[in-house]
Amino acid sequence: MQFFFLCLTANYQAWLFIVILILVPSLPLILSALSSGGIEIGSEPYFFPAYLGIQIAVTYLLATQLNNGSLARRRIWQIILSLLIISGLVSARVYYQAETWWNKGVSYDNFQVSQIIHRSPRPLLISDAEGINYGNIFSLSYLLESTARLKLVKNQIIPKIPEGYTQIFFFNITDTWRQKLATQYQAKINLVYRDEYYSLWELSKPRNSRQIIILPRN
């Protein structure tokens, strides 16, 4: 509705700019999602211009209707504006209290991963800086308690593990690196969590293997 009204009443340069702002960044992503069956990882920020264009179109519609027409009509649009503001406040409150949100992408399940790590009183999380690992470790650092420690290594070398940690976790490690780690430490590395994008492993003795936990998305 707001786009139809915008195109009918605004200068063509103005509404054309809004339409381009919405379609140009998002249309290739939408077509790609239709062909592949889903939105690619990390594509959420590309929709931000479209969100901005939609907000501008809605703002234009509200501004013109609140200043034109009869008093009764303006009252109706004042009620609509009030409902939009209330909806925004409720949405912000829900977002603030949520453990995660849909736009987190590959970091969506970081809260669940942090809860598993927190089962140990003094854990150490080890990973490399390849691919999505660096960003996810950085995100996890905000969720982990001060008793947890993080260690990033380069080129998948075998890290030296200091004494004093109650549990050693490995984040999103490759099969080759995991086999080298198991051989070096002479212990099993068991899978404790896996989602669509990454996995969490723990170093444990062969007799102390644990059940794999698979946490579905909400």
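Right above here is the structure, for reference.
Only a predicted model underlies this, so the values are computations on that prediction, with no experimental measurement involved.

Engineer: How should the packing of helix α3 (residues 48-66) against helix α4 (residues 71-97) be read in this particular structure?
Structural biologist: In helix packing, the relevant descriptors are the interaxial angle and the interaxial distance, both defined with respect to the helix axes. Interaxial distance between α3 and α4 falls to 9 Å at its minimum, and their mutual angle equals 145°. You can see that α3 and α4 cross each other, and the crossing is left-handed. In contact with Val58, Leu61, Leu62, Gln65 and Leu66 of α3, α4 contributes Arg73, Arg74, Trp77, Gln78, Ile80, Leu81 and Leu84. Broken down by class, the residue content of the contact of α3 with α4 amounts to eight nonpolar, two polar and two charged.

Engineer: What is the right way to look at α3 in this model?
Structural biologist: Since the α-helix packs 3.6 residues into each turn, any two residues three or four apart lie on the same face. End to end, α3 covers 27 Å across 19 residues, agreeing with the expected 27 Å (1.5 Å per residue, within 8%). Turning to α3, its buried residues number three or more, namely Ala50, Gly53, Ala57, Leu61, Leu62, Thr64 and Gln65.

Engineer: Got a minute to help me understand the pairing of strand β3 (residues 167-171) in this structure?
Structural biologist: On any regular strand, side chains alternate: one points to one face of the sheet, the next to the other face. With five of five residues buried, β3 is to be regarded as a mostly interior element. With burial as the criterion, each face of β3 is covered, one bearing Gln167, Phe169 and Phe171 and the other bearing Ile168 and Phe170. Judged from the four bridges that link them, strand β1 (residues 123-128) and β3 form a sheet pairing that is parallel. Looking at β3, one finds that Pro123 is bridged to Gln167.

Engineer: What is the right way to look at a nonpolar patch on the surface in this model?
Structural biologist: A grouping of Ile79, Leu83, Ile86, Val90 and Val94 is seen on the molecular surface, where their side chains present a nonpolar patch of about 460 Å² in accessible area. On the secondary structure map, Val90 appears in helix α4.

Engineer: I keep staring at the packing of helix α5 (residues 110-117) against helix α6 (residues 133-140) and nothing clicks. Help me out?
Structural biologist: Direction vectors running N to C along α5 and α6 enclose 65°, while the axes themselves pass 10 Å from each other. Put simply, α5 runs roughly perpendicular to α6. Crossing hand, α5 versus α6: right-handed. Every residue of α6 that contacts α5 at Asn110, Val113 and Ser114 is listed here: Asn136, Ser139 and Leu140.

Engineer: Please clarify how the environment of Tyr193 should be interpreted in this entry.
Structural biologist: Note that Tyr193 resides in strand β4 (residues 188-194). Residue class for Tyr193 comes out buried when judged on its relative accessible area of 0%. For the pair Tyr193 and Phe171, spaced 22 residues apart in sequence, the C-alpha to C-alpha distance is 9.7 Å. At 3.0 Å, the side chain of Tyr193 and the side chain of Asp109 are in polar contact.

Engineer: Help me understand helix α7 (residues 175-185), please; the structure alone is not making it clear to me.
Structural biologist: Burial in α7 covers these residues: Trp177, Leu181 and Tyr185. Down the axis, α7 shows its buried residues gathered within 55° of arc, on one side only. Across α7 from its buried face, at more than 90 degrees, point the exposed residues Gln179 and Thr183. Tucked inside the fold, the buried residues of α7 contact β1, β2 (149-153), β3, β4 and β5 (199-204).

About the criteria used
- Residues numbered from 1 in each chain as written.
- Predicted model: local features only at pLDDT ≥ 70, side-chain atom pairs only at ≥ 80, totals over all residues.
- Heavy atoms only, no water.
- Axes fitted to C-alpha atoms, helices over the stretch in contact; angles between N-to-C directions.
- Helix = DSSP H or I, 4+ residues; strand = E, 2+ residues; numbered from the N terminus.
- Left-handed = near helix turned anticlockwise from the far one by under 90°.
- Contact = heavy atoms within 4.5 Å.
- Nonpolar A, V, L, I, M, F, W, Y, C, P; charged D, E, K, R; others polar.
- Expected span 1.5 Å × (residues − 1).
- Buried < 20%, exposed > 50% of the residue type's maximum accessible area, 1.4 Å probe, protein only.
- Pairing = 2+ DSSP bridges.
- Patch = residues over 30% accessible without salt bridge, like charges linked within 9 Å, V, L, I, M, F, W, Y side chains within 5 Å.
- Areas by Shrake-Rupley, 256 points an atom, 1.4 Å probe, with all protein chains shown as cover.
- Salt bridge = Lys/Arg side-chain N within 4 Å of Asp/Glu carboxyl O.
- Parallel < 35°, antiparallel > 145°, perpendicular 65-115°, else oblique.
- Polar contact = N/O pair within 3.5 Å; in protein donor to acceptor, adjacent residues only side chain to side chain.
- Arc of directions from axis to C-beta.

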